[in-house]
Amino acid sequence: MYIPSLNVTLQTLNIILRMRYNFNDIEAKWQKYWSENQTFKAENLSDKPKFYVLDMFPYPSGAGLHVGHPLGYIASDIYARYKRHKGFNVLHPQGYDSFGLPAEQYAIQTGQHPAKTTKENIKTYRRQLDQIGFSFDWSREVRTSDPNYYKWTQWIFIQLFDSYYCKDANQARPISELVEVFGIEGNFRINAAADDDVEIFTAEAWKDYSDKQQHEVLAKYRLTFLSDTEVNWCPQLGTVLANDEIVNGVSERGGYPVVRKKMKQWSMRITAYAQRLLDGLETIDWPQPLKDSQTNWIGRSQGAMVSFNVNGHDEKIDVFTTRPDTIFGVSFMTLAPEHELVSKIVTDTQKEKINSYIEATAKRSERERMADVKTISGEFTGAYAKHPFNGKKIPIWIGDYVLASYGTGAVMAVPCGDQRDYDFAKHFDIEIPNIFQDIDISEHACEDKSAVIANSDFISGMTAKKAIKRIIFELEAKGIGSGKINYRLRDAVFSRQRYWGEPFPVYYKDGMPQMIDAKYLPIRLPEVEKYLPTEDGKPPLGNATNWAWCTETNQIVDNNRVNGTTIFPLELNTMPGWAGSSWYFNRYMDANNTEVIASKEALDYWQDVDLYIGGSEHATGHLLYSRFWQKFLFDKGVVPVDEYAKKLINQGMILGTSAFVYRWDFKNVDESGKAKKIIFVGKDLMEKIIKERSSIENSKGIFDSEHFDLLNSSLEKNNASKNKWSQFVPIHADVSLVNASNELDVEGFKNHPLNKDYKDAEFILENGKYIVGREVEKMSKSKYNVVNPDDICADYGADTLRLYEMFLGPLEQAKPWNTAGITGVHGFLKKLWKLYHSGENDTFYVDSSPLGKSDGALKTLHKTIKKVDEDIANFSFNTSVSSFMIAVNELTAQKCNKREILEPLAVLISPYAPHIAEELWNKLGNEESVSIAKFPIFEAKYLVESTKTYPISFNGKMRFIMELSLDLSKEEIEKEVMDNERTKQQLAGRTPKKVIVVPGKIVNIVG
RNA sequence: GCUCGGAUGGUGGAAUUGGUAGACACGUUGGACUUAAAAUCCAAUGGACAGUAAUGUCCGUGCGGGUUCAAGUCCCGCUCCGAGUACCA
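All of the points below concern the structure found in this document. All chains use their own residue numbering, which begins from 1 and follows the written sequence. Chains and ligands are labelled sequentially in the order written, the chains with letters from A and the ligands with numbers from 1. Reporting in this predicted model follows two pLDDT cut-offs: at least 70 for local features of residues, and 80 or more for side-chain atom pairs to be given and counted; totals over whole chains, interfaces and linings ignore these cut-offs and use all residues. With hydrogens and water set aside, each side-chain value is computed from the structure's full complement of heavy atoms.

Moving on, we get to the sheet that holds strand β23 (residues 548–550). A strand pair is defined by DSSP finding two or more bridges across the two strands. Segments assigned H or I by DSSP are reported as helices when at least four residues long, segments assigned E as strands when at least two residues long, and all are numbered from the N terminus. Across the sheet, 3 strands lie side by side as β24-β23-β25; this open sheet has antiparallel pairing. Only two strands of the sheet have a single partner each, and these edge strands are β24 (555–557) and β25 (567–569). Along the sheet, successive strands turn relative to each other by an average axial angle of 35 degrees, direction set aside. In this structure, β23 lies alongside β24, joined through 3 bridges in antiparallel fashion. Whenever a helix is involved, its axis is fitted only over the stretch in contact; in every case the axis is a line through C-alpha atoms, and angles between N-to-C directions fall within 0 to 180 degrees.

Let us now look at the packing of helix α6 (residues 147–161) against helix α20 (residues 622–635). Running from N to C, α6 and α20 point in directions that differ by 70 degrees, and their axes come no closer than 11 Å. The pairing of α6 with α20 is recorded here as roughly perpendicular in orientation. By crossing handedness, the relation of α6 to α20 is classed as left-handed. Seen from α6, the contacting residues are Thr153, Ile156, Gln159 and Leu160; seen from α20, they are Phe628, Trp629, Phe632 and Leu633. Among the residues making up the contact of α6 with α20, the classes are represented as 6 nonpolar, 2 polar and no charged. Reported orientations rely on four angle classes, namely roughly parallel under 35 degrees, roughly antiparallel over 145, roughly perpendicular from 65 to 115, and oblique for the rest. Helix crossings get a hand from a simple test, with the near helix turned counterclockwise from the far one by less than a right angle marking a left-handed crossing and a clockwise turn marking a right-handed one. Whether two residues touch is decided by their heavy atoms; if any such pair falls within 4.5 Å, the residues are in contact. Amino acid classes used here: Ala, Val, Leu, Ile, Met, Phe, Trp, Tyr, Cys and Pro are nonpolar; Asp, Glu, Lys and Arg are charged; the rest, including Gly, are polar.

Our next topic: a positive patch on the surface. Like-charged residues within 9 Å of one another, or nonpolar side chains (Val, Leu, Ile, Met, Phe, Trp, Tyr) within 5 Å, are grouped into patches, provided each residue has over 30% relative accessible area and no salt bridge. The accessible surface values rely on the Shrake-Rupley method and a 1.4 Å probe; as for residues, cover is taken only from the protein chains in view. The term salt bridge refers to a side-chain nitrogen of Lys or Arg lying within 4 Å of a carboxyl oxygen of Asp or Glu. By the counting scheme adopted, Arg and Lys are positive, Glu and Asp are negative, and His together with the chain ends is not counted. A single reference atom marks each charge: NZ on Lys, CZ on Arg, CG on Asp, CD on Glu. A cluster of basic side chains, namely Arg20, Lys830, Lys831 and Lys834, defines a positive patch on the protein surface. In this fold, Lys831 is placed in helix α26 (residues 822–835). On the basis of relative accessible area, Lys831 is assigned to the partly exposed category, the value being 39%. The buried label goes to any residue with under 20% of its type's maximum accessible area, the exposed label to any with over 50%, and the partly exposed label to all in between, with areas taken from a 1.4 Å probe on protein chains only.

The next subject is the pairing of strand β13 (residues 300–310). Walk down a regular strand and you will see the side chains alternate between the two sheet faces. Most of β13 is tucked away: 8 of the 11 residues are buried. Pairing between β13 and strand β14 (residues 316–321): 6 bridges, direction antiparallel. Looking across to β14, one finds that Met305 is bridged to Phe320. In this sheet, strand β16 (residues 379–386) lies alongside β13 in antiparallel orientation, the contact comprising 2 bridges. In the sheet register, Asn309 faces β16, and the bridge partner there is Lys386.

All quantities given are derived from atomic positions and should not be read as evidence of function.
Below, the structure written as structure tokens:
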């Protein structure tokens, strides 16, 4: 058959189609092959060295993936594939952080069970991930919402409950050890992380305690414990939020207001690990900014505790200070309004004022207090404290600049040494004694630690460093204080009033929490009618009818059977989102184990994550909590290392490039006030109009007559001022309607389901085109700038997507996505394909005959190997892609078709573009997957040069180049250059002052 | 306020230890092929000035100084943008 319009026979057309780079077929074929052959299944025992590459697992949201999500996965996949080529046994797993709020809110709205929507979302995610060709070992998939997984999250919770932190051993120890010691000698020698209010008791007292009392005492030591905590309560979400779930005083999710509220909550004693979390940072290769934010979050400050006696009371005020050396500069004290001593020490005359101040501050929301840092307020209690060294009377004030939640909620105010104290003193006209030698404090406080201290008894003449030591020594000698390290880090609230989270393995007996024996785990989430809190304000699990624990059958039973003797109510809270993600990296090592979280053999073999890639937004959440749990599990001997990720990389966010059309709102209305026509103008025209708007006559030239008449008549009708006749409203246009040249598909826009209002709008074209405006913003559905990887894969293929995401720029940097550039990398892949299809009618052909040593292709190949090796080591994937392009451009120019070059080239490129590499590798006659082929070895001998093109510069400015042998000595180079005709021309008879010759680099002639 | 990043053509971005600034792409312009479009291929492309031209000169990495034979890179002082954090005693 002959097709006249195509000028070819069907037979040749067939050949052409078959030999073309048909990425859709190739990619589907190899994805199927990898899946069927389990190409990327990692073995837990191997002679090869291990390498563990981990991604932060995704939350499977209903919206699916956009092109920003896979960025980190592509980078880690390249690394994982590269390591396989280099002979490592690579563990590269993936899973889902599948508990969470969005599924629950969707359930509240639609009544659909979160388990169902989560499952559906996971299916979409899996399809999207598969089509990008990741080398994940899916046999190890984890889902945090799977009972077989959260069984172990519950197990870890029980371990935490049964442990305390021994500061002497500097590790977590079984709570049973504590009980034993209490029974022998009480707690006076115990050095453990505990609540501040633990009282000292004897063994006799301990034995006399009731069960309940003992329980309460132990709770003060446990690593997870119930307590009345002031929490961030979000009424709209009906739940408690952690500090890192609040952004700018409102909830991160939804942006709802948050209030402080006291509630009985589970807490995690992460503060016990504060110092180790800090120290551990030194041992891991994580980005410095991330380490910095963890360091700041932990907020260690070294100082001293000092006790001040209150005159006329038995009470003492304890303060924490980082500058005990300034104690002789104390002229007042300030307590937080919430401080418990306030009501005890306030004098009758001041009582009224104090109470109204406390009331006023309590009313002010946290947000107001934050926004209003400048206003100074406070009130005098009427009471005085006694200075511990000179016995002076110190007035005691309250003020809301002192926070109840930090330190002791009280400060010793040294106005000459602290700006806040200074401002407070000035405002209330309190004395500001100067304790610094030759320092002027008439304008502001002196916070410089190098200032010499004066008027301070035995520390006068010292600087801070020395004075602090001396003061602490004196305080300890007098028994009124001691050196102390304080942390900003708070214990982490661990209860959430949500449905879609891990249930606690806890029931309540006489109001005291009891752990369910680990052998009955998992405690499965109960079914509920509604996912909302109950009418009496209980969490959603309060809706469950089958939610009680029978201690005889060890089963969950009907609530009605609760009898307080054998059957008890179960915990109604669930665990927070970070519970499941705090240990999942260990589970991947042995994901299907039913006996333990992972077998000892697997944990010992894989040890830790060699490379972890994910976003920096988890710096003070997941990445801190998971380090905490890892340290705990290490203390318990469950895992072999106490830092789980040796190296971490933060991938930058991919931003969207939004497109805008401009609605032209001039007084375009008829008599009834109805808009006659909606008109859109392009970006350039809008700018022109704005420039010319001073005079309508000027604009005559920039419109066709029809639009000018319309404009003119409507202006006349409305008597609009000619200076205000135009106004433009930018409207987001869907980016999929805009091409690479910023040209809008106008018909597409009008027919877009979201633009119903603009169906009959008119678009003023310029040169037949409508050009949109562009702006870079966060990628989001509401901005119509989301680009779906599915479309890219369909149109250009997964290999193109992978390469392009890497080509966009450095991995760690935020960068805008612009689909326009994708044709560049796609064209590159076509060129690569062509290189292997130099036969007749573009059929596959490689020349297997050996090539000469001096062949330029070898140089190209080895130059590229070297670059790719270096780039992967530096996580500089963008420059690898350029070097591939350079290589292919060079080899194409050389018309290279040699197997000796093309075979290693396919391996070289396979981590980046695995599908095309497999196909070419297969066509080259290899039976096995390219993914296990040996990576080409760089050989320096192919890059040895005999000459160098020297830039010859005069006074630092490059003027011309000269090709010179590399064998030449400095002197010989100088002679060659000076003898050169062009040098003489440049010098124009002058004698140079100096000639700098750097062999192999540059020649610079000065003078 | 504090801490940490960053600033290079029209755009995304290259540039080992200071040593030819703008690799590689996109976009734009011109050309080839085509009835046309797409695809493909070729050429030009930081700015200014001079020249018919080959070419040459000057200016150029946010701003102002400095070190150096030589600075995008090092030092000092700013400006702007982004992220985190915030009365932490």
